[in-house]
Amino acid sequence: MSTEPEINSNGVDRPESDYSRPTKRDPRGMRTGYTTGTTAAAAAKAAVILMLSGKALEEVSVPLPGGQGYATLNVHNSWAMEPSEGVRCSVIKDGGDDPDVTHGAEIIVGVWRLPDGIKGLQITGGPGVGTVTRPGTGIEVGEPAVTRVPRRMMADAVVEGLEACGWPAETGVRARISVPNGEEIAKQTTNARLGVLNGISILGSTGVVQPFSTAAWRASVHLAIDVAATNGLDHVVLSTGTRSEQYTRELLDLPDMAYVEAGIFSGPSMKRCVNKGIKRVAHVGMVGKFSKMAMGYFVTHVAGNQVDTGFLAELAAQCGASAELQEEMRNAASGRHFQELAQEHDVMDVFPIMCELVCQQAQKYLGQDSDEAQDDAIIVDALCFDFEGNLLGSASTSPDGIPMRGQASTAANVDD
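This structure is a prediction, so every number in the text was calculated from the model and none was measured.

Enquirer: Now, about the nonpolar core: what can you tell me, with residues and values included?
Expert: General note: in soluble globular proteins, nonpolar side chains tend to be found buried as a group. Of all hydrophobic cores here, the largest spans 51 residues; its most connected members are Leu238, Cys273, Phe290, Met329, Phe338, Phe351 and Met354. Sort the elements by how many residues they give to this core and helix α11 (residues 350–365) lands first, with eight residues. Those residues in contact with Cys273 that sit more than four places away from it in its chain are Ile225, Val236, Leu238, Ile278, Val281 and Ile378. Ala43, Cys89, Ile185 and Ala186 belong to the second largest nonpolar core, which has 44 residues in total.

Enquirer: Help me get a handle on the pattern of salt bridges, residues and values and all.
Expert: Applying the stated criterion to the full structure yields 14 salt bridges. For Arg272, the salt bridge goes to Asp226, with nearest N and O atoms at 2.7 Å. Taken together, the residues span a long stretch of sequence, with Arg272 in helix α6 (residues 266–275) and Asp226 in helix α4 (residues 214–230) at a distance of 46 residues. In this structure, the salt-bridge partner of Glu340 is Arg336, at a minimum N-O distance of 3.7 Å. One end of the pair is Glu340 and the other is Arg336, both in helix α10 (residues 335–344) and four residues apart, which spans about a single turn. Taking relative accessible area as the criterion, Arg336 reaches 37% and is therefore assigned partly exposed. Here the salt bridges do not stand alone but share partners, grouping Arg193, Glu245, Arg249 and Asp256 into one network.

Enquirer: Could you give an account of the packing of helix α9 (residues 323–330) against α10, naming the residues involved and the relevant values?
Expert: In contact at an axis separation of 9 Å, α9 and α10 are set at 160 degrees when each is read in the N-to-C sense. As the angle between them shows, α9 and α10 are arranged roughly antiparallel. Both α9 and α10 take part in a crossing whose hand is right-handed. Facing α9, whose interface residues are Leu325, Glu328 and Met329, α10 presents Phe338, Leu341 and Ala342.

Enquirer: Residue-level account of the packing of helix α8 (residues 309–318) against α11, with values.
Expert: Running from N to C, α8 and α11 point in directions that differ by 120 degrees, and their axes come no closer than 9 Å. Taken as a pair, α8 and α11 cross one another with a handedness that is right-handed. The residues of α11 that touch α8, namely those facing Phe311, Leu312, Leu315, Ala316 and Gln318, are Val350, Ile353, Met354 and Leu357. When grouped by side-chain class, the residues that make up the contact of α8 with α11 number eight nonpolar, one polar and no charged.

Enquirer: Any chance you could break down unusual backbone geometry for me, citing the residues and the numbers?
Expert: The backbone of Asn198 shows a phi angle near 70 degrees, a positive value even though the residue is not glycine. Following the sequence through the fold, Asn198 ends up in the loop between β11 (196–197) and β12 (199–200). You will see that Asp346, though not glycine, has its phi angle at about 55 degrees, which is positive. The topology assignment puts Asp346 in the loop between α10 and α11.

Enquirer: Lay out the packing of aromatic side chains in plain terms, naming residues and giving numbers.
Expert: Counting across every chain of the model gives two aromatic pairs. With a centroid separation of 5.7 Å and 50 degrees between ring planes, the pair formed by Tyr247 and Phe385 is classed as tilted. One end of the pair, Tyr247, is in helix α5 (residues 242–249); the other, Phe385, is in strand β17 (residues 379–385), and 138 residues separate them in sequence. With respect to class, Tyr247 is no different from Phe385; both count as buried. Ring geometry for Phe298 against Tyr365: centres 5.1 Å apart, planes inclined by 45 degrees, an arrangement best described as tilted. Pair noted here: Phe298 is in the loop between α7 (287–294) and α8 and Tyr365 is in helix α11, with a separation of 67 residues, a long-range link. With a relative accessible area of 2%, Phe298 lands in the buried category. The ring of Tyr259 has Arg249 lying over it, and the distance from NZ or CZ to the ring centre is 4.3 Å.

Enquirer: Kindly report on the side chain of Asp226, identifying the contributing residues and their values.
Expert: Taking relative accessible area as the criterion, Asp226 reaches 12% and is therefore assigned buried. Within polar-contact distance, the side chain of Asp226 engages the side chain of Arg272 at 2.7 Å. Contacts of Asp226, omitting those with residues within four sequence positions, involve Gly136, Arg272 and Lys276.

Enquirer: Account for the side chain of Asp94, with residues named and values stated.
Expert: Tracing the backbone through its elements, the reader meets Asp94 in the loop between β5 (87–92) and β6 (106–113). With a relative accessible area of 3%, Asp94 lands in the buried category. A distance of 2.9 Å separates a polar atom in the side chain of Asp94 from the backbone nitrogen of Gly96.

Enquirer: Report on the environment of Lys119, specifying residues and quantitative values.
Expert: Along the chain, the position of Lys119 falls in the loop between β6 and β7 (121–125). Separated by 52 residues in sequence, Lys119 and Thr171 place their C-alpha atoms 5.3 Å apart. Not counting residues up to four positions away in its chain, the partners in contact with Lys119 are Glu170 and Gly172.

Enquirer: Requested: an account of the sheet that holds strand β10 (residues 173–178), with residues and values cited.
Expert: Strands sit in the order β4-β5-β6-β10-β7 across an open sheet of five strands; the sheet is mixed. If you trace the sheet from one side to the other, it starts and ends with β4 (77–80) and β7, each paired once. Across the sheet, the mean angle from the axis of one strand to that of its neighbour is 20 degrees, orientation sign disregarded. Relative to β6, β5 is paired through six bridges, and the arrangement is antiparallel. Bridged to Val87 within β6 is Val111.

The rules behind each value
Residues numbered from 1 in each chain as written. Predicted model: local features only at pLDDT ≥ 70, side-chain atom pairs only at ≥ 80, totals over all residues. Heavy atoms only, no water. Core = buried A, V, L, I, M, F, W, Y, C linked by side-chain atoms within 4.5 Å. Buried < 20%, exposed > 50% of the residue type's maximum accessible area, 1.4 Å probe, protein only. Helix = DSSP H or I, 4+ residues; strand = E, 2+ residues; numbered from the N terminus. Contact = heavy atoms within 4.5 Å. Salt bridge = Lys/Arg side-chain N within 4 Å of Asp/Glu carboxyl O. Axes fitted to C-alpha atoms, helices over the stretch in contact; angles between N-to-C directions. Parallel < 35°, antiparallel > 145°, perpendicular 65-115°, else oblique. Left-handed = near helix turned anticlockwise from the far one by under 90°. Nonpolar A, V, L, I, M, F, W, Y, C, P; charged D, E, K, R; others polar. Phe/Tyr/Trp six-rings, centres within 6.5 Å; stacked < 30°, edge-to-face > 60°. Lys NZ or Arg CZ within 6 Å of the ring centre and 35° of its normal. Polar contact = N/O pair within 3.5 Å; in protein donor to acceptor, adjacent residues only side chain to side chain. Pairing = 2+ DSSP bridges.

As structure tokens, this is what we get:
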């Protein structure tokens, strides 16, 4: 039976707040963090040095991709194992001022020397690291969910550890990554939908987490679309949020993989679907974001454009709203307030009209609004919900409407 004596030179676990050396701050003064890939690379280098020198480090520096220099992270814990089980070191993942569900997770890497004649780094997954079960993620099915850049970072970090101890860079090493509680953490991610099961993914294309990074958000959305396309899905739902996705599941009979939370990136996500050969997309959301999309805004961040209640009042005028109601709608405090006014005064036709405009603007955004483009145009659906999940309106560019679960297809055809 193995023992796990703690041999950190400081003799105690570090407090949870002491994850890494102070990281840089972006122009807004917000602290950047490190990805799970950087964290795993740091743990791997520390473990190699412990294995070969017997020295337990308090901190370790690893190279960042793209010539960004080095990241220095604290080593949280170190264990000397029986020879057959190698040694292990752990580092706490620090997301900076952009904490996600993996912020504070302990990334443990155990290392072993491979037999003579076997060169390079072999990476395996332990408890809490997901396994890839579907194509489309860029990782072979059956492999641990460690993406390309983190694999390269770990390989570079291991070479540095070998050379620091006077060993040849090509020495064969096996590194096993595990994450305590990783399976529970993964339940808060979209991993299962992507076919990554039983744990988190080790990710990060730059090694650094930018605070509130829209680039990372967009990349995760694109990955979800890529997985759906690779697995042969030709109908994808792009939701603006979790609730609208949940409501849509009650209406459309589609596999779990078809649902993508595009958030503010409705337009870029739609273009990604076109590029991947997906034949049909459904935009689903609530009044606020739908009002922006109906005006042609397909990146709908609140900081980029506010809900235009004057535009909404004009739509209501087309549906017979009185002058007094139009004025009240122009002064509405939010999209939800406008919705409540429309419901209170039975101006419900405004919502299907809004959905029709979403479809028309989507075609225009894609350059598919001309007669010549119609033959190859992607089908666009739009479903708008209230906050309780009631369908306020819908529309489609398909003459057959939207294939609803358990009922005839419905929605206005906006190609006419």
